[in-house]
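# Fold and geometry: a report
The primary structure of each chain is shown beneath.
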Amino acid sequence: MSRKLIVQKYGGSSVANPERIKRVAHRVVEAKRSGANVVVVVSALGDTTDELLQLAAQVSDHPAERELDMLMATGEQVSVALLAMAIHALGEDAVSFTGAQVGILTEGTHTKARIVAINTRRLEPELLRSRIVIVAGFQGVNTNQDITTLGRGGSDLTAVALAHALHADVCEIFTDVEGVYTADPRIVPEARKLAAISYDEMLEMASLGAQVMQARSIFVAKRFNIPIHVRSSFSLREGTMIQKTVRAMEDIVVSGVTLRRDEAKITIRDVPDKPGMAAEIFRDLAAAGINVDMIVQNVSREGSTDLSFTVDKGDLASTLRVSRQVSRRIGAGEVTTDEGVAKLSIVGIGMRSHSGVAAKMFEAMAKERVNIEMISTSEIKISCVIRKIHADRAVRVVHRAFGLSRAPVRGKKAALVNA
């Protein structure tokens, strides 16, 4: 009978220093000695990636993205080598690889590359030899043999993609929190941990600001039905299972409240009110690789209108450049920016069959005199752009309005919930 295969991913906080690396090594060895084959994906130590980006900024105002990838990929190379050494010290055999060495092939884009395929021929013989395989997260190689990186949180994507390619039994994501909570416990101390959550809900929450996992990794997990267990590297408690279906309770309408602070609002004034103008604006933004989030167009006045939309703050400089170019071309007015906004969202599959959810959310914020500037909705989420200075207070009041602190935690392991 074939051995169970586990893919484990450890984030930067889990391997931030030598003592934590040794702790991770013990955990990996325990999994191996329990009778499983283990593939470990590791992020860079602590804040290494941010420190490398700061170094780049000190030598260039606009560093080439290819060279940024060359630089940033070094962080994970340090992590995998140190973890392999720590495992060797415990008497187990381990081997470390970069993303390129294990055949993680990406398309050509730098800094936000997408995985095209994974060639497991290098990994499978090592697993047959019962070695612990350690893979550098966040990175791959394109067809030109250039190193590429997978964007923020890309180690999650590496782990999920490897779990699919190797037909793993489970993908465990170890982080510095014990699972997925109904809100950020740093903002809402009484937030509850969910025993289970669906792919759809987790995908929305990750896209809307929950920092537990990268949204792209959840998309891959959903597509290939890969069960994910999010848990703490500092605790032995069960975490949160992310899976296809969740046994939802009838009264659980909203699963969580999320907040994104890294939003920026762009407004193009006096856009000519005629067909094709919006298409021209957003076509140029898409061609520049800029993802636009929420869009609001004001009512036309005297043949023109104002068009506002939000983007990730990291894309603000390129968004402004493109927006000003297209504004001049179409005969629109000035382009203004607002970085003092945040996006608050509620997510829940129960919203599909319950009315009045939006009204309850809006009423809760109105009582706290929190003004809503933009709104977007889908079947399982409602998002509002609000002033950043009111963000924490708004999260707490919305969390309380939906009774998330008191709600029964879905799944069979409700007793494991910890605030």
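Above: the structure in question.
Residues numbered from 1 in each chain as written. Predicted model: local features only at pLDDT ≥ 70, side-chain atom pairs only at ≥ 80, totals over all residues. Heavy atoms only, no water.

## Quick word on the nonpolar core
By size, the foremost hydrophobic cluster in this structure holds 44 residues, and its most contacted members are V39, V135, C171, M213, I228 and I242. Counting residues per element, this core draws most heavily on helix 5 (residues 154–165), at six residues. One finds V253, A364, A394 and V398 within the second-largest nonpolar core, a separate group that totals 28 residues. (Core = buried A, V, L, I, M, F, W, Y, C linked by side-chain atoms within 4.5 Å. Buried < 20%, exposed > 50% of the residue type's maximum accessible area, 1.4 Å probe, protein only. Helix = DSSP H or I, 4+ residues; strand = E, 2+ residues; numbered from the N terminus.)

## A short note on the sheet that holds strand 15 (residues 292–297)
Taken in spatial order, the four strands line up as 15-16-14-17 in an open sheet, and their pairing is antiparallel. Two strands close off the open sheet at either side, each with one partner strand: strand 15 and strand 17 (335–338). Averaged over all adjacent pairs, the angle separating strand axes in this sheet is 20°, with direction ignored. Here eight bridges tie strand 14 (residues 263–272) to strand 16 (residues 304–312), and the two strands are oriented antiparallel to one another. Counterpart to I268 in the pairing with strand 16 is L307. Sitting on the sheet, helix 9 (residues 316–330) touches strand 14, strand 16 and strand 17, and the angle it makes with strand 14 is about 5°. (Pairing = 2+ DSSP bridges. Axes fitted to C-alpha atoms, helices over the stretch in contact; angles between N-to-C directions. Contact = heavy atoms within 4.5 Å.)

## Observations regarding helix 9
With 15 residues, helix 9 should reach 21 Å at 1.5 Å per residue; the first-to-last C-alpha distance of 21 Å fits that figure. When we look at burial in helix 9, the residues that qualify are L316, S318, T319, L320, V322, S323, V326, S327 and I330. Elements that come into contact with the buried residues of helix 9 comprise strand 14, helix 8 (277–287), strand 16 and strand 17. Looking one or two residues beyond helix 9, the residue adopting positive phi is G331, at roughly 80°. (Expected span 1.5 Å × (residues − 1).)

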